[in-house]
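Structural characterization, general
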Amino acid sequence: MLQYELKRSFWSHEKSMLINVRVARVLNHLVTTAQRVSVATLLIAAALYYTSSVQAQSEWIEFRGPNGTGHADQAHPPITWSETENVAWKTEIPGRGWSSPVVADGRVWLTTATEDGKEMSVLCVDAKSGKMLHNKVIFTNEELREIHVTNSYASPTPYIDGDRVYVHFGSYGTACLNAETCEKLWERRDLPCHHWRGPGSSPIVYRDLVFIHYDGFDFQYIVALNKKTGETVWKKDRIDLFDTDNGDHKKAYGTPSIFTVDGRDLLISPYAKAAIAYDPLTGEEVWWVQYEQHSTANRPLFDGKTIYIGTGFGKGSVMAVNPSGAKGNVTESHVLWEMNRTMPSKPSQLLIDGKIYAIADKIGVASCVDAATGELAWQERVGGTFSASPIYAGGHIYFCDEDGKTTVVTPGDTLNIVAENRLDQGCMATPAPVDSALFLRTKSHLYRLESAQKAD
């Protein structure tokens, strides 16, 4: 009864799924030791943990935010802006880079590179003022491989882990930086991969490990590094499902996610032709599903029962997988449905209240799919070309295109556009909603978009 009442008291924010999972774990632990502490102590401890978790949601520390969901449930950024409206500050960003901004402790981190890729840098901007705090060259290169015209030499998004920041430039190098001084603590430049069209996968951190994808023409593998030292903990080659020498069909840009399934943490890692569930501590392959597409760029999603995987280029699709009890190749047994009608190849999807929202890359068609059945609820053209993934904040979905337009919609059974906003340059990077602000990187500038009333 005590356990039920405690959970019920702190379960009011249903959308804060990551917070609730953490709170439940703490509550369950506390309840097992209830005979040693008072009920009041339990309530105070749980409340403090809940408060700190909510505060943590005001940060945006990795690609697509908390575990790659694209959700910022505690943020309330503006829904309208222009070059002259709701711009708290605008800072020019040197070079060329499509990495998404990440935010913590009053700082915004992103990467950039020279057009030719010979210098690769990290940037740190004061979140309140827009002042450039650090502009530091991390790697220099003599020889570089050609990249796709839509890519950059600085496309992977950094990851903030407390007092450390991890920056990644594909096989050109990975570095761990001191978040206060920008001092380089360690680097790795010895992990080979011909990315074919340039790197795009972002690092993530789990416990003491940093996971990085290297999916190219010549090598395809995932590696786990010790986050404190940079040393290799495990490295696993991909299952060879390619049957081709076409580099485009072997490369991928995917970023993994960690999900808890049947009480076990799994690293869900999409690449060209398949997605694999690994044991994150050992690299053991637990299960995998195959698909026809390649160049996968999406991050997976999870609603607590079903994992949703965007499959990539070559008529992109979204695949729903039941991970419970899965082992080995479960393509025939555990795939619940697959939707391939005008689905995105690059932008990741959003999962909101049992529906999947997506935006197609080249033709600007927005879609809403029933997550349980895969049936199409609606599909409407909003226009534009898209690389950035949509985000969900303050009850609104934000679609940012490559030409400077952001379409703001409310989720629901029909397309409901509430605003269309324009800036001078377009977005290749996914924006970061934090508190009342939206940190949006265009091809030339970083903006803090915020209404004047909230900024005060």
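This one's a predicted model, so the numbers in the text were calculated from it and none came from an experiment.

1. Observations concerning the pattern of salt bridges
- By the definition in use, this model includes 16 salt bridges.
- Where E180 meets R107, a salt bridge forms, and the shortest distance between an N and an O atom there is 3.0 Å. Of this pair, E180 sits in the loop between β9 (174–178) and β10 (184–188) while R107 sits in strand β4 (residues 107–113), and the two are 73 residues apart along the sequence.
- You can call R107 buried: its relative accessible area is 18%.
- Taking the shortest distance from any N to any O, the salt bridge between K184 and E187 comes out at 2.7 Å.
- Taken together, the shared-partner salt bridges in this structure form one network comprising E83, K90 and D424.

2. Remarks on the sheet that holds strand β5 (residues 119–126)
- One open sheet accounts for four strands, arranged β3-β4-β5-β6; its pairing is antiparallel. Whereas interior strands pair on both sides, the edge strands pair on one side only; in this sheet they are β3 (102–104) and β6 (132–140). Neighbour-to-neighbour, the strand axes of the sheet open up by a mean angle of 20°, direction not taken into account.
- Inspection of the sheet shows β4 paired to β5 by seven bridges, in the antiparallel sense. When the bridges of β5 are listed, T111 appears paired with V122.

3. Things to note about empty space enclosed by the protein
- Across all of its chains, the model carries two cavities of 30 Å³ or more by this definition.
- The wall of the largest cavity is formed by H195, G198, P199, G200, S201, H213, D215, K251, A252 and Y253.
- If you add up the space inside the second largest cavity, you get close to 40 Å³.
- Around the second largest cavity sit R145, E146, Y172, H194, H195, W196, R197, G198 and P199, which together line it.
- For the lining of the second largest cavity, the class distribution of residues is three nonpolar, three polar and three charged.

Definitions and cut-offs
Counting starts from 1 at the beginning of each chain's written sequence and moves along it residue by residue. Given that the model is predicted, a residue must reach a pLDDT of at least 70 before its local features are reported, and side-chain atom pairs must reach 80 or more before they are shown or counted; all residues, however, enter totals for whole chains, interfaces and linings. Only hydrogens and water are set aside when side-chain values are computed; all heavy atoms of the structure are taken into account. Whenever a carboxyl oxygen of Asp or Glu lies within 4 Å of a side-chain nitrogen of Lys or Arg, that contact is scored as a salt bridge. Secondary structure elements follow DSSP: runs of H or I no shorter than four residues count as helices, runs of E no shorter than two count as strands, and numbering proceeds from the N terminus. Throughout, exposure labels follow a simple rule: accessible area from a 1.4 Å probe, protein chains only, divided by the maximum for the residue type, with under 20% read as buried, over 50% as exposed, and the rest as partly exposed. Strands qualify as paired when DSSP identifies two bridges or more between them. As a rule, the C-alpha atoms of each element are fitted with a line to give its axis, helices using only the stretch in contact, and angles between N-to-C directions run from 0 to 180 degrees. Cavities and pockets were defined on a 1 Å grid built over protein atoms only: a cavity is a set of grid points that admits a 1.4 Å probe from which the probe cannot escape, a pocket is an open set flanked by protein on both sides within 12 Å along at least five of seven lines, and lining residues are those with an atom within 4 Å of any such point. Grid points are joined across faces, edges and corners, and a volume is the space filled by probe spheres set on the points. Side-chain classes are defined by residue name, with Ala, Val, Leu, Ile, Met, Phe, Trp, Tyr, Cys and Pro counting as nonpolar, Asp, Glu, Lys and Arg as charged, and the others, Gly among them, as polar.

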